[in-house]
Amino acid sequence: MKEPLVARMREFGTTVFAEMTALAVRTGSINLGQGFPDTDGPPAMLERAVAAIREGANQYPPGPGVPELRQAVAGHRKEHYGLVYDPDGEVLVTVGATEALAASVLALCETGDEVVVFEPYYDSYDAAISLAGAVRRPVTLRPDDGRFTFDPDELRAAVGPRTRAILVNSPHNPTGTVFTPGELAAIAAVCQEHDLVAISDEVYEHLTYDGLTHIPLATLPGMRERTIMISSVGKTFSVTGWKTGWVCAPAELVRAVQTVKQFLTFTAGAPWQLAAAYALREELGWVAGLRDALATKRDRLMAGLSAAGFGVYRPSGTYFVQTDIRPLGFTDGLDLTRRLPELAGVVAIPTQVFYDHPERGRHFVRFAFCKKDEIIDEAVARLSRLHGKSPDNIL
């Protein structure tokens, strides 16, 4: 039998998240790898989902999403960012942000088109680009003054005659960077100069720290009409398993994305949509408390990782702390994370797998802090065992 997988997808096996989570289960290790919280979202939101099931919301909802959620998303965008979207043509509900991203890339890109993406990038980005038969053009985020940023000249150089879109993620996973107004302006200028669409992944929009506020790319002058703005209920309300996201964009871009999306999943689960609509209207106060709690957990994990000997970068958003393993005597994050359960009983994510240029991220490892305090404390206690266990000292 011929190879059953098309050539453009053969470089993609099991995701690193699945690999490391399976490793955690198999070894009984603490999982600080995959970014899911170990507590649920607001109780009233959960009850709204249960009520929706009992009330009969168990059949196909409308393809674009239930009107209640589209209206709630549009209301949220107007209230928080001053962005006005028509819920009946400029908002599309998707099966999580992952589907929104994939459908956007598939809708926009012909074979051989190029998509600029900032590396390290979330692993579904490169898979979606490959599915479309398009080509990645990475721009590397590098540490500078304690945070990760990009060189605007490198961004401009990455754009060519076949470039169709720039894929932007802020707050950024896995580095924790929140793009500054100046960085966003540089991206906007390139988009407008070269007539590009911005696909903007903003799932961590409410999880920013140290007084920083998320700025949607679509709020910059000239960008609403060329931005596909993506978010979801999962990270904002701690229900990553609901897989309910949305796209906000001009009607012609939403029609393009929906044309693809309808043949991927057609629609998203009705009970979760109704509960998400309730949450966007009524539970943002709960989200503010979540943000404050996560900031404390971030500081707790950072202190523990520093004490254990890691080089630590302070994230301004997301669930994640980026670390440098070289102070501990290690140089290969993939090798270390595969051995970390044996060495310390903890699972983390090697950042190098999120690069087109793995050597640029080989010494970085990502840890998640969206966990209970006692789990974080036990994890950092175990990680302190890495002292003196560099490859040169391990038999």
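An unreviewed UniProt entry annotates the protein chain as Pyridoxal phosphate-dependent aminotransferase originating from Sphaerisporangium corydalis. Regarding the protein chain, the UniProt comment filed under Cofactor (unreviewed entry) reads as follows: "pyridoxal 5'-phosphate".

Chemist: Would you mind showing me how to read the sheet that holds strand S9 (residues 227-232) here?
Modeler: Each strand in a sheet pairs with another by means of backbone hydrogen bonds, the pair being arranged parallel or else antiparallel. In space, the seven strands of this open sheet follow the order S2-S10-S9-S8-S7-S3-S4, with mixed pairing throughout. At either margin of the open sheet sits one strand with a lone partner, and together these are strand S2 (91-94) and strand S4 (135-140). Recorded for the sheet is a direction-independent mean angle of 20° between the axes of neighbouring strands. Against the sheet, helix H7 (residues 181-194) makes contact with strand S3 (114-119), strand S7 (163-169) and strand S8 (197-201), and its axis sits at roughly 165° relative to S7, the strand it touches most. Helix H9 (residues 251-261) contacts S2, S8, S9 and strand S10 (245-248) of the sheet and is inclined by roughly 25° relative to S2.

Chemist: Please clarify how the packing of aromatic side chains should be interpreted in this entry.
Modeler: We describe a pair of aromatic rings using the distance from one ring centre to the other and the angle between the two ring planes. In the structure shown here, the tally under the stated rule is 16 aromatic pairs. Measuring from centroid to centroid gives 5.5 Å for Phe-118 and Phe-179, while their planes differ by 65°, and the two rings are edge-to-face. With Phe-118 in strand S3 and Phe-179 in the loop between S7 and H7, the pair connects residues that are 61 residues apart, well separated along the chain. Both residues of the pair, Phe-118 and Phe-179, belong to the buried class. One aromatic cluster in this structure is built from Phe-17, Tyr-122, Tyr-125 and Phe-354. Above the face of the Phe-320 ring, Arg-366 is positioned so that its terminal group lies 3.5 Å from the ring centre.

Chemist: In this structure, what is going on with the packing of helix H3 (residues 67-81) against helix H10 (residues 270-282)? I would like to understand it.
Modeler: In the contact formed by H3 and H10, the axes pass within 8 Å of each other and the chain directions differ by 25°. Looking at the two axes, H3 sits roughly parallel to H10. Once H3 is placed against H10, the crossing between them reads as left-handed. Taking contact as the criterion, the partners of Glu-68, Leu-69, Ala-72, Val-73 and His-76 in H3 are, on H10, Gln-273, Leu-274, Ala-276, Ala-277, Leu-280 and Arg-281. When grouped by side-chain class, the residues that make up the contact of H3 with H10 number seven nonpolar, two polar and two charged.

Chemist: Help me understand the environment of Pro-161 in this model?
Modeler: Locating Pro-161 in the fold gives a position in the loop between helix H6 (152-158) and S7. Considered as a pair, Pro-161 and Asp-113 are 48 residues apart in the sequence and their alpha carbons are 8.8 Å apart.

The rules we used
Residues numbered from 1 in each chain as written. Predicted model: local features only at pLDDT ≥ 70, side-chain atom pairs only at ≥ 80, totals over all residues. Heavy atoms only, no water. UniProt positions renumbered as here; feature names shortened; annotations may be inferred. Pairing = 2+ DSSP bridges. Helix = DSSP H or I, 4+ residues; strand = E, 2+ residues; numbered from the N terminus. Axes fitted to C-alpha atoms, helices over the stretch in contact; angles between N-to-C directions. Contact = heavy atoms within 4.5 Å. Phe/Tyr/Trp six-rings, centres within 6.5 Å; stacked < 30°, edge-to-face > 60°. Buried < 20%, exposed > 50% of the residue type's maximum accessible area, 1.4 Å probe, protein only. Lys NZ or Arg CZ within 6 Å of the ring centre and 35° of its normal. Parallel < 35°, antiparallel > 145°, perpendicular 65-115°, else oblique. Left-handed = near helix turned anticlockwise from the far one by under 90°. Nonpolar A, V, L, I, M, F, W, Y, C, P; charged D, E, K, R; others polar.

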